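Examining the three-dimensional arrangement
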Amino acid sequence: MGFIFSKYMNENMKNQQEFMLMNTRLQLERQLIMQNEIRERQMAMQVAWSREFFKYFGTFFGIAAISLTAGFLLALSPFYKLEDFLVTKIGAIKRKKPAFLLPIVPLSFILTYQYDLGYGTLLQRMKGEAENILETENSKLELPRGLITFESLEKARREQSKFFIDK
């Protein structure tokens, strides 16, 4: 009688261990999928932020390059008399170098960017761009060796446990 009861307990314990292993595996796979989804969304937001920043910085760079080039050419040109074109007498214009005022214009783009980020619709546009990246450019978000699986983690765990057991 004890043998039958013991046999039943062993089978029940074996079934319970298999259930626990399956449950643990399922939970780990869900965690891995969730972490990958979070990672993909974070990467999409970073790419979207970079694209938005590039638009603002490109405008800033273009205007700064044009204004500095124009200022340099005006300073070198013997054909232009700046005092003929000046109406007001503020600092840079008084010194006959109004080109030094031009970098203020591109700097206003940085101010506008920061305002848009804090109070405007930049975050909504970034979210839309991130969703577009997730939908249409998903290949840019893939991991180098693919998604981590339960089997790969179990293999690494076994190798690590052999390493510690051998020592």
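Relevant structure appears above.
This section reports on the structure supplied with the text. (Residues numbered from 1 in each chain as written. Predicted model: local features only at pLDDT ≥ 70, side-chain atom pairs only at ≥ 80, totals over all residues. Heavy atoms only, no water.)

Taking 1.5 Å of rise per residue, 15 residues should cover 21 Å, and helix 5 (residues 122-136) covers 21 Å from first to last C-alpha, within 8% of that figure. When we look at burial in helix 5, the residues that qualify are L122, M126, A130 and I133. For helix 5, the buried positions fall inside an angular range of 70° around the axis, keeping them on one side. Opposite the buried face of helix 5, at more than 90 degrees from it, the exposed residues are Q124, E135 and T136. (Helix = DSSP H or I, 4+ residues; strand = E, 2+ residues; numbered from the N terminus. Expected span 1.5 Å × (residues − 1). Buried < 20%, exposed > 50% of the residue type's maximum accessible area, 1.4 Å probe, protein only. Arc of directions from axis to C-beta.)

Assignment of secondary structure puts E154 in helix 6 (residues 150-166). When its relative accessible area of 17% is taken as the criterion, E154 is described as buried. Looking at E154, its side chain comes within polar contact range of the side chain of R157, at 2.4 Å. (Polar contact = N/O pair within 3.5 Å; in protein donor to acceptor, adjacent residues only side chain to side chain.)

Before going further, it helps to examine a nonpolar patch on the surface. A surface patch of nonpolar side chains, amounting to about 410 Å² of accessible area, comprises W49, F53, F57 and F61. Position of W49 relative to the elements: it lies in helix 1 (residues 2-76). Classification of W49 by relative accessible area gives partly exposed; the value is 37%. (Patch = residues over 30% accessible without salt bridge, like charges linked within 9 Å, V, L, I, M, F, W, Y side chains within 5 Å. Areas by Shrake-Rupley, 256 points an atom, 1.4 Å probe, with all protein chains shown as cover. Salt bridge = Lys/Arg side-chain N within 4 Å of Asp/Glu carboxyl O.)

Once that is clear, we can look at the packing of aromatic side chains. Aromatic ring pairs: the centre-centre distance and the angle between the two ring planes describe each pair. Applying the stated criterion to the full structure yields five aromatic pairs. With a centroid separation of 5.3 Å and an interplanar angle of 10°, the aromatic rings of W49 and F53 are classed as stacked. Taken together, the residues span about one helical turn, with W49 and F53 both in helix 1 at a distance of four residues. Taking 4.9 Å as the distance between ring centres and 65° as the angle between the ring planes, the aromatic pair formed by Y56 and Y113 counts as edge-to-face. Within this pair, whereas Y56 is found in helix 1, its partner Y113 is found in helix 4 (residues 104-119), the two being separated by 57 residues in sequence. Judged by its relative accessible area of 18%, Y56 falls in the buried class. By relative accessible area, which is 4% here, Y113 ends up buried. Connected via pairs of aromatic rings, a cluster forms that spans W49, F53, Y56, F57, F60 and Y113. (Phe/Tyr/Trp six-rings, centres within 6.5 Å; stacked < 30°, edge-to-face > 60°.)

Inspection of the entire model under this criterion finds 11 salt bridges. For the salt bridge of K140 with E137, the shortest nitrogen-to-oxygen distance reads 3.1 Å. In this structure, E154 and R157 form a salt bridge, with 2.4 Å as the shortest nitrogen-oxygen distance. Of this pair, E154 and R157 both sit in helix 6, three residues apart, which is roughly one turn of the helix. Since its relative accessible area comes to 44%, R157 is described here as partly exposed. What emerges from the salt-bridge pattern is a single network uniting R51, E129, E137 and K140.

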